[in-house]
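# Chain and residue survey
Now for the letters of each chain:
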Amino acid sequence: EGALADASRAVELHPDDAGTWWTRGVARLRKGDAAGAVSDFERVVALAPGDADAWKNLGLARDKAGDFAAAAAALERYLELRPDAAEASDMHKLIARLRARAGK
């Protein structure tokens, strides 16, 4: 509970700081709380819509939460913001798998 509790306190103290939400999102993912992580990373992208890595983490969290279509959309946004990402090819493959799982 330590890291997650600390991150939650930081979010309470600094609700407009994308970094605090980011830290809690990562802590929630590590604890297996994909839905909580999705909520936190949605807040990060609302506060910092140009943060490519936040979109990537949102996509990965949505995948773990089983929201495959939304995961694909977030990862596509990541690639729009960072088309030259080293893992772009892998991300395109993941997006295709997510779309197939979502039935789209």
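See the structure shown above.
Remember, it's a predicted structure, so these values are computed and weren't measured experimentally.

Glancing now at the nonpolar core. Residues L58, Y78 and L98 are the most contacted members of the largest nonpolar core, which totals 26 residues. Every element with two or more residues in this core is listed here: α2 (18-30), α3 (34-47), α4 (52-65), α5 (68-81) and α6 (88-102). Ignoring sequence-local partners within four residues, the contact set of Y78 consists of A52, D53, W55, K56, A85, E87 and M91.

Moving on: the environment of A18. Positionally, A18 belongs in helix α2. The class for A18 is buried, based on a relative accessible area of 18%. Residues A18 and F41 lie 23 residues apart in sequence; the distance between their C-alpha atoms is 8.8 Å. The residues contacting A18, other than those within four sequence positions of it, are V44, L47 and A48.

The tally for this structure, following the rule as stated, stands at ten salt bridges. As a salt-bridge pair, R43 and D16 come within 3.4 Å of each other at their nearest N and O atoms. Here R43 is found in helix α3, whereas its partner D16 is found in the loop between α1 (2-13) and α2, with 27 residues between them in sequence. R43 sits in the partly exposed class, given a relative accessible area of 28%.

Let us look at α4. Between its first and last C-alpha, α4 extends 20 Å over 14 residues, near the 20 Å set by a 1.5 Å rise per residue. By the burial criterion, the buried members of α4 are A52, A54, W55, N57, L58, G59, A61 and R62. Taken together, the buried residues of α4 touch α2, α3 and α5. In this structure D51 caps α4, since a side-chain oxygen of it lies 3.1 Å from the backbone nitrogen of D53. Count one or two residues on from α4 and you reach G66, which has phi positive near 90°.

Rules used throughout
Residues numbered from 1 in each chain as written. Predicted model: local features only at pLDDT ≥ 70, side-chain atom pairs only at ≥ 80, totals over all residues. Heavy atoms only, no water. Core = buried A, V, L, I, M, F, W, Y, C linked by side-chain atoms within 4.5 Å. Buried < 20%, exposed > 50% of the residue type's maximum accessible area, 1.4 Å probe, protein only. Helix = DSSP H or I, 4+ residues; strand = E, 2+ residues; numbered from the N terminus. Contact = heavy atoms within 4.5 Å. Salt bridge = Lys/Arg side-chain N within 4 Å of Asp/Glu carboxyl O. Expected span 1.5 Å × (residues − 1). Polar contact = N/O pair within 3.5 Å; in protein donor to acceptor, adjacent residues only side chain to side chain.

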